[in-house]
Amino acid sequence: MANKKKIINDPVFGFITLPSELLYDLLQHPLVHRLTRIKQLGLTSYVYPGTQHTRFQHSLGALHLMTEAIKTLQNKGNEITDDEANAVYAAILLHDLGHGPFSHTLEDFFFTNHSHEEVGLALIEQLNQDFNGKLDLTLQILRGTYPKGYLHELVSGQLDMDRLDYLRRDSFFSGVTEGNIGSARIIKMLNIKNDKLVVEAKGIYSIENFLMSRRLMYWQVYLHKTAYAAEIMLHKTMLRARYVAGQDPTLFGSESLRYFLQQGATKLSQEALQHFTQLDDSDIWVALKSWCHHPDKVLSLLSNGIVNRRIFKVEISNTPFDENYLLERANLLAQQLQLSPQDVDFLTSYKKVTNNLYREDDNAIDILFSDGTTKRISEASDMFNLDVLSKPIHKYYYCHFRT
């Protein structure tokens, strides 16, 4: 056990200590180590060159924050057993196990009817067999079926350790300082009231800053127009590759990539999961470099655009684009490139993007006062208009190939 109490140096939080032998063993598993080969922010590095960090780094950071949160809650008299602590540590370490290459960018390409959370649960069930049932409690917490509901909130909720890490980490590596939240302060202010995670009143300003920072990070980083266009372009490239593979089964790609190119997986079968866990960012990059020279004009144009950073041009509007305008642009592109309208569909994208960062009907953030009463933050805040944050924002993104 002494040899398994490793200390890891993290650029965001400093030294991270693995809290148990189970966590050490999980870190050594190939399914977890695979996350070292998957970027946290997909192609966002095309805009912010520093965002080269991985899902593995994020999972470690979230684990560190979870150990701090559990320690804080225990010190305030909340009973959390060692088994429960280990289970929630494992839950946060494994929460992103279901991510595929380039994280969210290709999420619905590999499993068309399943989110990365569902894929992750299926993989953790496999892990649980390898670990002889040691993850039974972890699976209950992740599914939200364990009696102590606040343990699930710590993994997946308005103030979960996932969000507290990725905002700090993505802010750090992107250089967008507006996202640098006070995660340590927020954790120190956490408590439990009626089996729900709450924030002590002294921490209300930290929560206000957290909500505003999250909004700014979404529009400045996660939905930055160039990063968004690059990810749409990569998705279109993969769809074109699947189209080409339907006509040419010998299209270059690793064995596991060809499996998904030749069919979209609709079920979480053992075969599909086995191929999925063999994939990471490198499979896609190697394929893209090969497809740059493919005789299919659309596939080669798209692949060259990704590899050599010739990204889709983006137009953004707060109101829907005129359908005639979109049709005219598509026809012009078809003429310029001498392609059919069906082919041009792979070179354009028109989507409505909705961003709703805080919903009070979805596990609202409650503030705990010294007299034991609680109020929702929208009622407790004396300077914050949460109507702005809770109101869905709609923007319309029209992306198209540059000629």
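Residues numbered from 1 in each chain as written. Predicted model: local features only at pLDDT ≥ 70, side-chain atom pairs only at ≥ 80, totals over all residues. Heavy atoms only, no water.

Quick look at the pattern of salt bridges now. Counted under the stated rule, the structure contains 13 salt bridges. A salt bridge links arginine 329 to glutamate 315; its shortest N-O distance comes to 3.1 Å. One end of the pair, arginine 329, is in helix H17 (residues 323-337); the other, glutamate 315, is in strand S5 (residues 313-317), with 14 residues separating them in the sequence. Residue classification places glutamate 315 among the buried positions, given a relative accessible area of 17%. Salt bridges here are not isolated pairs; linked through shared partners, they connect Asp10, Asp165 and Arg169. (Salt bridge = Lys/Arg side-chain N within 4 Å of Asp/Glu carboxyl O. Helix = DSSP H or I, 4+ residues; strand = E, 2+ residues; numbered from the N terminus. Buried < 20%, exposed > 50% of the residue type's maximum accessible area, 1.4 Å probe, protein only.)

A separate point is the environment of glutamate 107. Checked against the element boundaries, glutamate 107 lands in helix H5 (residues 107-110). Exposure remark for glutamate 107: the relative accessible area of 23% places this residue in the partly exposed category. What glutamate 107 contacts, discounting residues up to four positions off in sequence, is His99, Ser115 and His116. There is a polar contact of 3.0 Å between the side chain of glutamate 107 and the side chain of histidine 104. (Contact = heavy atoms within 4.5 Å. Polar contact = N/O pair within 3.5 Å; in protein donor to acceptor, adjacent residues only side chain to side chain.)

Right, let's get into helix H9 (residues 161-174). The end-to-end C-alpha distance of H9 is 20 Å, a good match for the 20 Å that 14 residues give at a rise of 1.5 Å each. The buried count for H9 comes to 13 of 14 residues, which makes it a mostly enclosed element. Sitting at the amino-terminal end of H9 is aspartate 160, which places a side-chain oxygen 3.2 Å from the backbone nitrogen of aspartate 162. Glycine 175 sits one or two residues past H9 and shows a positive phi near 85°. (Expected span 1.5 Å × (residues − 1).)

On to the packing of aromatic side chains, then. This structure, assessed with the given rule, holds 17 aromatic pairs. Ring geometry for tyrosine 350 and tyrosine 396: centres 6.4 Å apart, planes at 25°, overall stacked. Of this pair, tyrosine 350 sits in strand S6 (residues 348-355) while tyrosine 396 is found in strand S9 (residues 393-400), placing the two residues 46 residues apart along the sequence. On the basis of relative accessibility, which here comes to 34%, the residue tyrosine 350 falls in the partly exposed class. With a relative accessible area of 13%, tyrosine 396 lands in the buried category. Of the aromatic side chains, those joined through ring pairs into one cluster are Phe109, Phe110, Phe111, Tyr259, Phe260 and Phe276. The ring centre of tryptophan 219 lies 4.2 Å from the NZ or CZ of lysine 395, which sits over that ring. (Phe/Tyr/Trp six-rings, centres within 6.5 Å; stacked < 30°, edge-to-face > 60°. Lys NZ or Arg CZ within 6 Å of the ring centre and 35° of its normal.)

For the rest of this paragraph, the subject is the sheet that holds strand S8 (residues 374-376). Through backbone hydrogen bonds, the strands of a sheet pair up, either in parallel or in antiparallel fashion. Taken in spatial order, the four strands line up as S3-S4-S7-S8 in an open sheet, and their pairing is mixed. Only two strands of the sheet have a single neighbouring strand rather than two, namely strand S3 (190-193) and S8. Across the sheet, the mean angle from the axis of one strand to that of its neighbour is 45°, orientation sign disregarded. Helix H3 (residues 55-75) contacts S3 and strand S4 (196-200) of the sheet and is inclined by roughly 55° relative to S3. (Pairing = 2+ DSSP bridges. Axes fitted to C-alpha atoms, helices over the stretch in contact; angles between N-to-C directions.)

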